Amino acid sequence: MKLTVEQVRHVATLARLSLSSEEEERYATQLSAILDAVAQLQELDVSGVEPTSHATLASSLLREDVTRPSLPPEKALANAPAKVGTSFAVPKILE
Amino acid sequence: MQLTDLTLLELASKLASGETTSVEATRACLARIAQVDGKVKAFLRLDEHGALAAAEASDARRKNGNPLGPLDGVPVAVKDIFLTEGVETTCASRVLEGFVPPYDATAVRLLKEAGTPILGKLNQDEFAMGSSNESSAYGPCHNPWDVTRTPGGSSGGSAAALAAREVFGTLGTDTGGSIRQPAAFTNTVGIKPTYGRVSRYGVIAYASSLDAPGPMARTVGDVAALLQVLARHDPRDSTSAPADVPDYLADLEHGVAGLKLGVPREYFVEGMDPEVEASVREALKAYERLGATLVDVSLPHTKYALATYYLLAPAEASSNLARYDGVRYGRRAREVKGLRDMYGETRDQGFGPEVKRRIMLGTYALSAGYYDAYYLRAQKVRTLIREDFTKAFTQVDALVTPTSPVPAFKLGEKVNDPLSMYLMDVCTLPCNLAGLPGVSLPCGFTKAGLPIGLQLMGRPFDEAKLLRIARAFEREHDYVRRPAPI
């Protein structure tokens, strides 16, 4: 399966990646080769087979629904590239 | 003999008897790192001050007769994927540069509670995506057996540091073979525990349904001792298993007499290095001599495991790595035109080519129109692969295979050929898809002196038996005692 540069650009937009045109070309070639290789899964009959999302767990384990201490705001924000008070700061969303 | 030539359990014994101290052992490791790490590049950063402070505290406890446990004072180091409170953690990525975690991963906390000084953070493939340690944003790690070759990946630094005798034990993570393949390439021992056996809390996520943290060391006994510290239920990880934890050292010397070992024919693949195959076949004969019965088994869906893995893991990665957007931690691109531009530029500047490739592949497999054909189908094939193992384990106690079809390859040899690189995981990743425990241990050398690894896979939560089987082989051979020529 040959992926076009336009398809790569669309996937990059979905993945929030700003790729250069050189990267778009390279990924179009490499992803096409990988998709060709994984196409062998199409030869299997999987009708009636349940999907496995986790190998060993019947279901996710849940904790008691009780409040407990969490990170204090100053620790949670300590790594933020930009902050205002106790909030993360980001560039303008609306012009 | 240098202090750093001791195994982890030998050092533990000398600490217990007072023949040496944790400060001496920690200083010996730091001296060895200063001597060889310029060539190996296993460490991304050292925490000399923290490790020595922990060693002093350990010695004080020993002096007062109240050590925290058998490993109190034994220096270790951890892959840079584990969060370490107050010590920069980057997962070998530029996108996390400057990130100083506010808490420890559970595995790190357990090591600290056992009294082990933590020397620093070890090199790896960026976000654990790779099989050669070459995708690290900080440069590749080198194999102490031949510095022109890869130590394997993604836990390449964890393996190389052990082989270079810089440290006594390390932590790695294994999503598709990232503990076992580097162990095989470096003449060390690594165990990928059953999924859920060791907590993933505080381990930077790559593919959440496959990631398994685990210990690496130079002998089977050393790995068993570390697993004893790490294996426990963690309420902070909803996928942590509330399973009983046996005494991993108790049955270690009980041998393999009477056990049935399966030899899956699909693992002796076309293109396999003849010297690797010969060593593994010799190991199988050794197990027969030791009283085990070899059983020919078939895992018919093995050939689909690679494709299944390289759809599921990138799909999960594309979701997990969405959090690196420059808002809460790590890198943020400057001079951007609004929020969307900041996301795109931050991620483009922060991620390396392999990470971008997997994010793109995963995003594609999950996107509208392709989800059923790729992602959902791969999940169904995963079921078939699991069922193969379940069936095999009705006949045998464990499976024995090569860990890698080839010995350590040259740095740069496969870096521009992703498909060829992905093939390096062909023997290890079915184990992750099925959530099973797997061990790699040394089983010989090529004529050129490169290590060869033997893989054992077992039933869920049957790590004790796998370690016992591994030890039976190790006891009869001197491979683990052979030092790397660094």
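Since we're looking at a predicted model, the values are computed, not measured. (Residues numbered from 1 in each chain as written. Chains lettered and ligands numbered in written order. Predicted model: local features only at pLDDT ≥ 70, side-chain atom pairs only at ≥ 80, totals over all residues. Heavy atoms only, no water.)

Caption draft 1: Structural detail: the overall build of chain A. The helix and strand tally for chain A stands at three helices and two strands. In chain A, the succession of helices and strands from N to C terminus is α-α-α-β-β. Compactness check: chain A gives a C-alpha radius of gyration of 22 Å against a globular reference of 12 Å for 95 residues, more than 25% above the reference. Taken along its principal axes, the extent of the C-alpha atoms in chain A is 55 × 45 × 20 Å. Within chain A, contacts between residues at least 6 apart in sequence are counted, and of these 30% link residues at least 24 apart. Roughly 6,300 Å² of accessible area belongs to chain A as shown, and the carbon and sulfur atoms make up 56% of that amount. For chain A, the separation between the mean place of its 9 positive charges and that of its 13 negative charges on side chains is 13 Å. (Helix = DSSP H or I, 4+ residues; strand = E, 2+ residues; numbered from the N terminus. Rg over C-alpha atoms; globule rule 2.2 N^0.38 Å. Contact = heavy atoms within 4.5 Å. Areas by Shrake-Rupley, 256 points an atom, 1.4 Å probe, with all protein chains shown as cover. Lys, Arg positive; Asp, Glu negative; His and termini not counted. Charge placed at Lys NZ, Arg CZ, Asp CG, Glu CD.)

Caption draft 2: Summary view of the overall build of chain B. Along chain B, the regular secondary structure elements total 15 helices and eleven strands. Against the 2.2 N^0.38 benchmark of 23 Å for 486 residues, chain B shows a C-alpha radius of gyration of 21 Å, consistent with a compact globule. Viewed in the frame of its principal axes, chain B has a C-alpha envelope of about 65 × 55 × 45 Å. Classification of the 486 residues of chain B by burial places 68% in the buried group. Sequence-distant contacts, at least 24 apart, represent 76% of the contacts inside chain B between residues at least 6 apart. Looking at chain B as shown, the accessible area adds up to about 15,700 Å², and 50% of this sits on carbon and sulfur atoms. Between the averaged position of the 55 positive side-chain charges in chain B and that of its 57 negative side-chain charges there is a distance of 2 Å. (Buried < 20%, exposed > 50% of the residue type's maximum accessible area, 1.4 Å probe, protein only.)

Caption draft 3: The arrangement of the pairing of strand β5 (residues 189–192) of chain B in detail. All names here are of chain B. Both faces of β5 are covered, namely the face carrying Val-189 and Ile-191 and the face carrying Gly-190 and Lys-192. Where β5 lies against strand β6 (residues 212–217), two bridges are found, and the strand directions are antiparallel. Bridge pairing in β6 places Val-189 opposite Ala-217. Here three bridges tie β5 to strand β10 (residues 438–445), and the two strands are oriented antiparallel to one another. Directly across from Lys-192, in β10, lies its bridge partner Gly-438. (Pairing = 2+ DSSP bridges.)

Caption draft 4: Fine view of the UniProt feature "domain: Amidase" (unreviewed entry) in chain B. Cross-referencing UniProt, the feature "domain: Amidase" (unreviewed entry) maps to residues 24–467 of chain B in the present numbering. Here residues 24–467 of chain B is 37% helix and 14% strand, with 30 Å between the C-alpha atoms at its ends. (UniProt positions renumbered as here; feature names shortened; annotations may be inferred.)

Caption draft 5: Structural detail: the sheet that holds strand β8 (residues 293–297) of chain B. Residue and element names in this part refer to chain B. An order of β1-β3-β2-β4-β6-β5-β10-β11-β9-β7-β8 is seen for the eleven strands of this open sheet, with the pairing classed as mixed. Two strands in the sheet have a free side with no partner beyond their single neighbour: β1 (43–46) and β8. Averaged over all pairs of adjacent strands, the angle between their axes in this sheet comes to 30°, without regard to strand direction. In this sheet, strand β3 (residues 118–122) lies alongside strand β2 (residues 76–79) in parallel orientation, the contact comprising three bridges. Note on β3: the bridge partner recorded for Val-78 is Lys-121. With respect to the sheet, helix α15 (residues 463–476) is in contact with β5, β7 (260–264), β9 (398–402), β10 and β11 (451–458), its orientation differing from that of β10 by roughly 10°. (Axes fitted to C-alpha atoms, helices over the stretch in contact; angles between N-to-C directions.)

Caption draft 6: Quick look at the pattern of salt bridges. All names here are of chain B. In this structure the tally under the stated criterion is 32 salt bridges over all chains. Linking Lys-14 and Glu-19 is a salt bridge whose minimum nitrogen-to-oxygen distance equals 3.2 Å. Judged by its relative accessible area of 26%, Lys-14 is partly exposed. Take Glu-19: its relative accessible area is 56%, and that puts it in the exposed class. Here Arg-358 makes a salt bridge to Glu-354, at a shortest N to O gap of 2.7 Å. (Salt bridge = Lys/Arg side-chain N within 4 Å of Asp/Glu carboxyl O.)

Caption draft 7: Inspection of the interface of chain B and chain A at higher detail. Taken residue by residue, the interface counts 69 residues in chain B and 52 residues in chain A. Carbon and sulfur atoms supply 64% of the area that chain B and chain A bury against each other, a total of about 5,400 Å² over both sides. Here chain B is connected to chain A by three salt bridges. Note that Glu43(A) and Lys303(B) form a salt bridge whose closest N and O atoms lie 3.6 Å from each other. Taken together, the links from chain B to chain A amount to 24 residue pairs in polar contact (both at pLDDT 80 or more). At the level of secondary structure, the elements contributing two or more residues to the side of chain B that touches chain A comprise α9 (305–320), α10 (339–350), α11 (353–366), α12 (371–392), α13 (418–422) and α14 (429–434) of chain B. Counting residues per element, the side of chain B that touches chain A draws most heavily on α12(B), at twelve residues. Residues that form the side of chain B that touches chain A fall into these classes: 34 nonpolar, 20 polar and 15 charged. (Buried area = accessible area lost by both parts, 1.4 Å probe. Polar contact = N/O pair within 3.5 Å; in protein donor to acceptor, adjacent residues only side chain to side chain. Nonpolar A, V, L, I, M, F, W, Y, C, P; charged D, E, K, R; others polar.)

Caption draft 8: Layout of the packing of helix α1 (residues 5–14) of chain A against α11(B). Two numbers describe how α1(A) lies on α11(B): the axes approach to 9 Å, and their chain directions differ by 95°. Classified by the angle their axes make, α1(A) and α11(B) are roughly perpendicular. Residues Val8(A), Val11(A), Ala12(A) and Leu14(A) of α1(A) form the contact with α11(B), whose own contacting residues are Met360(B), Thr363(B) and Tyr364(B). Tallied by class, residues from the contact of α1(A) with α11(B) come to six nonpolar, one polar and no charged. (Parallel < 35°, antiparallel > 145°, perpendicular 65-115°, else oblique.)

Caption draft 9: The arrangement of the nonpolar core in detail. Residue and element names in this part refer to chain B. In this structure, Phe-127, Tyr-287, Phe-389 and Leu-467 are the most contacted members of the largest nonpolar core, which totals 171 residues. Here this core gets ten residues from one element, more than from any other, and that element is α9. Once residues lying within four places of it in the same chain are set aside, the contact partners of Phe-389 are Tyr-267, Leu-299, Leu-399, Pro-430, Cys-431, Ala-434, Leu-436 and Met-457. (Core = buried A, V, L, I, M, F, W, Y, C linked by side-chain atoms within 4.5 Å.)

Caption draft 10: Quick peek at the confidence of the model for chain B. Residues of chain B with pLDDT of at least 70 account for 100%, and the chain-wide mean is 96. In the predicted complex, the global pTM is 0.96; the interface-specific ipTM is 0.93. (pLDDT = per-residue confidence, 0-100.)

Caption draft 11: Quick look at helix α3 (residues 48–63) of chain B. Residue and element names in this part refer to chain B. In a regular helix each residue adds 1.5 Å, so 16 residues correspond to 22 Å; α3 covers 22 Å between its end C-alpha atoms and thus fits that length. Turning to α3, its buried residues number three or more, namely Ala-51, Leu-52, Ala-55, Ser-58 and Asp-59. For α3, the angular spread of buried residues about the axis comes to 120°, placing them on one side. Summarising the contacts, the buried residues of α3 are in contact with α2 (22–40) and β3. Looking one or two places after α3, you find Gly-65, whose phi comes out positive at around 75°. (Expected span 1.5 Å × (residues − 1). Arc of directions from axis to C-beta.)

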